[in-house]
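# Examination of the molecular architecture
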Amino acid sequence: MLRQELEISTFQDLLYHYPYRYFDRTQLTKIAAIDSTTEYVQIAGILVNITEEGAGFKKRLIATLYDDTGRIELLWFQGAQWMKKTLKENERYIVFGKVSLFNGYFNISHPEIELWNADTAIAGRQPVYSSTTKLIAKGITNRSFAKITQALFEKIQPGDAPEVLPAEIVRQYNLCNRYSAIRWIHFPDSDEHEQLARHRMKWEELFISQLMIARLRLQHTAQQGWRFEKVGDHFNDFFRLHLPFELTGAQKRVLKEIRQDTAMGKQMNRLLQGDVGSGKTIVAVMSMLLALDNGFQACIMAPTEILAQQHYFSISELLGDMGIKVRLLTGNVKGKARKEILAELADGTVSIAVGTHALIEDTVQFKNLGLAVIDEQHRFGVGQRARLWKKNEMPPHVLVMTATPIPRTLAMTLYGDLDVSVIDELPPGRKEIKTVHRKDAGRMKVMEFVRSQVDEGRQAYIVYPLIEESEKMDYESLMAGYEQVKIWFNENKYRIAMVHGRQEAGERQRNMERFVKGEANVLVATTVIEVGVNVPNASVMLIESAERFGLSQMHQLRGRVGRGADQSYCILLTGNKISEESYKRIQIMVSTTDGFKIAEEDLAMRGPGDMYGTKQSGVLKFKLADIVLDGAILEETRIAAQQLLSQDPSLSQPGNQPLRFMLKQQGRQSHWGKIS
Ligand code: ADP
Ligand code: MG
């Protein structure tokens, strides 16, 4: 049970199942002080009116908690039966949870709840552990965890949580010893000790990750690579005859860097950062031509089907009649067509392969892959990048392109193993996108404005949120919105297309193409259009329920307009009343179009947890460390990791053995293919 739910199967696992907060009886909120801005509260009061409502799946438990200032409802939808058995009326409880407003009343669903006098054996702050509803339903509560952990600490010795950091590092950076640290995290006997303990374990986490990255980088720099000796006909012809515009200074500089990298006989591992619309595609194309000029194949990989298709079309168009064979390979290419492409990749007939993840599957063999470009990197994990390396006897050069500017701390962690190029200049003639915030009450005016733009021949995007947790409702509002848009835009006069994730791929593609080709005036969509889509004639991005979007998502969406010569607009439409946090996000969007600034704000507001698909990447799975708040520790550990490796690159000295063992374990867990 514990194993399934929390991946806890040994006492060691239990040691590292840290509490995420503490019940501190001195930190209470009065119920009357709760208002619409309250998020989480800890309150104490008497529990009354424990009642069950509904039946079957709809069964839930409701209870009321009151203190001397007011009352609030507590709700359980899962484990109701068990909760009913354990809770006692007219007893004093301490409760912690997230407040929500329902029908004008505040309530807390699935609060953490404990009898006020539950256990005096655990003095001071009591640890609160994350659990799951399944476990709670089985009676394994936070209390049980605390008791088990406490019992465990009575049994174990310092040797059960041995030091892993080299003694010199512990000394140099003033870290407390590991055993005490773990103990104090579970049961802090003072603020000071808790802080020491957390600092120490964060330090260790970040150090291990920085050490992994530093080793990977060492491997890269030692890695032999294909030598692109010359700039040949493909590149030169394209430059002279097919390039549709003058390259910006930044594009030229980056191409030069790539040219140098690939000529050295070492494998290139380069990250190309450039805000949306900065013109990364052309850099990718010209780098691929360089590979072709030296007798190699090249591929470009995108995170979604639509993006891969768009790349395929725009690359084919750019290369025109140059006689270069470009092919598209995605999960949707099946049967005979797939077989054909696979054969052509293997015998070298295809020079440039454009595709999705499908390209890294083991069945895909290249004759001689020399360069792999990965677009919108944040959707790919480090492990996937590593799989590309195996596509040729020597790994191909790798160019990773990301549209989302990455704050420094995050870059150090996610891409610490790569060299970085930046396109910091937009193509000339771009007008700043005008961004405004409008509320539902002003919807009519907004729609009139959008229509006036369409009447001038422009195209418009109307984007609806789609959040996994409320997917069904979101689709309903998308459909309702679509019907509304059809009414607003007289169907005889305007053409409306719609794309969303539930459409069959072919249909989605047809609708998308209608918009890309200018046959549809308005595109109603969910965030499937987020990345990469390029329709220069589109001048309006209307984001519905903008309060529900994250900053970098809005920035990506806004980047879909402002690609042509016309003045473009981004309208953030929200409900009439929105939370302070949403308001802050929207104000940031209105006040700047600088992607770096937005990324920093985003990271600060949201934490790295769910940014950039970092969860899948495995690199950022820290238990305690937060790369925004702990930026200073991160810098320190980076230097320490580099220092250690410069003294002992293979970690073979006796004092470094525990560390080496730990790296091995972690490497396996996070699927960092190449790390041993
Ligand atoms: P992104 O970096 O977001 O992938 P794209 O490569 O899609 O950006 O380029 C955005 C738009 O800018 C495209 O329409 C492209 O043709 C155009 N573009 C790129 N480079 C230049 C340039 N040097 N001069 C003018 N337009 C350019
Ligand atoms: Mg792009």
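Residues numbered from 1 in each chain as written. Chains lettered and ligands numbered in written order. Predicted model: local features only at pLDDT ≥ 70, side-chain atom pairs only at ≥ 80, totals over all residues. Heavy atoms only, no water.

### Concerning helix H16 (residues 443-455)
Given 3.6 residues per helical turn, the α-helix brings residues three or four places apart onto the same face. Between the first and last C-alpha of H16 there are 18 Å, a value that for 13 residues agrees with the 18 Å anticipated at 1.5 Å per step. Following H16 by one or two positions, Gly457 has its phi on the positive side, about 100°. (Helix = DSSP H or I, 4+ residues; strand = E, 2+ residues; numbered from the N terminus. Expected span 1.5 Å × (residues − 1).)

### Quick word on unusual backbone geometry
Its identity is not glycine, yet Asn103 carries a phi of approximately 50°, on the positive side. By secondary structure assignment, the location of Asn103 is in the loop between strand S5 (92-102) and strand S6 (105-109). Residue Asn103 is classed as exposed on the basis of its relative accessible area, which comes to 65%. Here Asn174, not a glycine, exhibits a phi torsion of approximately 55°, which is positive. Inspection of the secondary structure assignment puts Asn174 in the loop between helix H6 (167-172) and helix H7 (178-186). You can call Asn174 exposed: its relative accessible area is 64%. (Buried < 20%, exposed > 50% of the residue type's maximum accessible area, 1.4 Å probe, protein only.)

### Digging into the sheet that holds strand S14 (residues 397-402)
Taken in spatial order, the seven strands make up an open sheet running S11-S12-S10-S13-S14-S9-S15, and their pairing is parallel. The sheet terminates laterally at strand S11 (326-329) and strand S15 (419-423), the two strands that pair on one side only. The average undirected angle you get between the axes of adjacent strands in this sheet is 20°. Bridge analysis of strand S10 (residues 297-301) against strand S13 (residues 369-375) gives five bridges, and the strand direction is parallel. Paired with Gln297 across the bridge in S13 is Leu369. Lying over the sheet, helix H10 (residues 249-263) contacts strand S9 (269-274), S14 and S15, oriented at roughly 160° with respect to S15. Set on the sheet, helix H11 (residues 280-293) makes contact with S9, S10, strand S12 (352-355), S13, S14 and S15; between it and S10 the angle comes to about 155°. (Pairing = 2+ DSSP bridges. Axes fitted to C-alpha atoms, helices over the stretch in contact; angles between N-to-C directions. Contact = heavy atoms within 4.5 Å.)

### Looking at the site of ligand 1
Inspection of the region around ligand 1 gives 16 residues, with Glu246, Gly277, Lys280, Thr281 and Arg430 positioned closest. For ligand 1, an oxygen atom lies 3.5 Å from a polar atom in the backbone of Ser278. In the model, an oxygen atom of ligand 1 is placed 2.6 Å from a nitrogen or oxygen of the Thr281 side chain. Each residue belonging to the shell around ligand 1 can be placed in one class, and the counts come to four nonpolar, seven polar and five charged. (Near = heavy atom within 4 Å. Polar contact = N/O pair within 3.5 Å; in protein donor to acceptor, adjacent residues only side chain to side chain. Nonpolar A, V, L, I, M, F, W, Y, C, P; charged D, E, K, R; others polar.)

### So, the packing of aromatic side chains
Evaluated as defined, the whole model comprises 12 aromatic pairs. Judged by centre distance (5.7 Å) and plane angle (10°), the rings of Tyr40 and Phe96 are stacked. With Tyr40 in strand S2 (residues 40-53) and Phe96 in strand S5, this pair connects stretches of sequence that are 56 residues apart. What makes Phe96 buried here is its relative accessible area of 14%. Both rings, one in Phe489 and one in Tyr494, keep their centres 5.4 Å apart while their planes meet at 85°; by these two values the pair is edge-to-face. (Phe/Tyr/Trp six-rings, centres within 6.5 Å; stacked < 30°, edge-to-face > 60°.)

### A look at the domain arrangement of the protein chain
We note that the domain assignment places domain 1 (2-155), domain 2 (233-423) and domain 3 (434-592) within the protein chain. Taking only C-alpha atoms into account, the centre of domain 2 sits 30 Å from that of domain 3. In this complex, domain 2 contributes 13 residues to the contact, which on the side of domain 3 involves 17 residues. Here domain 2 meets domain 3 over a buried area of about 1,200 Å², counting both sides, of which 58% is carbon and sulfur. (Domains from an automatic or database assignment. Buried area = accessible area lost by both parts, 1.4 Å probe.)

### Quick look at the pattern of salt bridges
Applying the stated rule across the entire model yields 27 salt bridges. For Lys486, the salt bridge goes to Glu483, with nearest N and O atoms at 3.7 Å. A residue pair is termed a helical-turn pair when its members lie 3 or 4 positions apart in one helix, as Lys486 and Glu483 do in helix H17 (residues 471-488) at three residues. Among the residues examined, Glu483 registers a relative accessible area of 43% and is labelled partly exposed. Ionic contacts of the salt-bridge type, sharing partners, join the residues Glu163, Arg178, Arg200 and Glu204 into one network. (Salt bridge = Lys/Arg side-chain N within 4 Å of Asp/Glu carboxyl O.)

### Thoughts on the environment of Val231
Inspection of the secondary structure assignment puts Val231 in the loop between helix H8 (191-222) and helix H9 (233-242). Classification of Val231 by relative accessible area gives partly exposed; the value is 34%. For Val231 and Ala291, which are 60 residues apart along the polypeptide, the C-alpha to C-alpha distance reads 9.0 Å. Residues contacting Val231, with those up to four places away along its chain left out, are Asn236, Arg259, Leu290 and Asp293.

### Focus: the side chain of Arg178
By the secondary structure assignment, Arg178 is in helix H7. Look at Arg178 and you get buried, because its relative accessible area is 4%. Within polar-contact distance, the side chain of Arg178 engages the backbone oxygen of Pro162 at 3.4 Å. Aside from chain neighbours lying at most four places away, what touches Arg178 is Tyr16, Ala161, Pro162, Glu163, Val164, Arg200, Met201, Glu204 and Met662.

### Describing the packing of H9 against H11
Contact geometry of H9 with H11 gives a least axis separation of 7 Å together with a crossing angle of 145°. Seen from H9, the contacting residues are Asp233, His234, Phe235, Phe238 and Phe239; seen from H11, they are Ile282, Val285, Met286, Leu289, Leu290, Leu292 and Asp293. Class assignment of the residues belonging to the contact of H9 with H11 gives a composition of nine nonpolar, one polar and two charged.

### A word on the sheet that holds strand S19 (residues 522-525)
Paired through backbone hydrogen bonds, the strands of a sheet run either parallel or antiparallel to each other. Within the open sheet, the six strands sit side by side as S16-S21-S20-S17-S19-S18. Their pairing is parallel. The open sheet has two edge strands, strand S16 (434-439) and strand S18 (496-499), and neither has a second partner. Strand-to-strand, the axes of this sheet are offset by a mean angle of 20°, without reference to chain direction. Relative to the sheet, helix H19 (residues 551-558) contacts S16, strand S17 (459-463), strand S20 (538-543) and strand S21 (569-574), its axis offset from that of S20 by approximately 155°. Each of S16 and S21 touches helix H20 (residues 580-591); the most contacted strand, S16, lies at about 150° to it.

### Things to note about the packing of H11 against helix H12 (residues 305-319)
Packed helices, taken two at a time, are described by their axes: the angle between them and the distance between them. Between H11 and H12, the least distance of the axes is 11 Å, while the angle of their chain directions is 60°. Between H11 and H12, the angle is such that the two are oblique. For the crossing formed where H11 meets H12, the hand is right-handed. Of H12, the residues touching H11 (which contributes Thr281, Ile282, Val285, Met288 and Leu289) are His311, Ile315, Leu318 and Leu319. Looking at the contact of H11 with H12, its residues break down into seven nonpolar, two polar and no charged. (Parallel < 35°, antiparallel > 145°, perpendicular 65-115°, else oblique. Left-handed = near helix turned anticlockwise from the far one by under 90°.)

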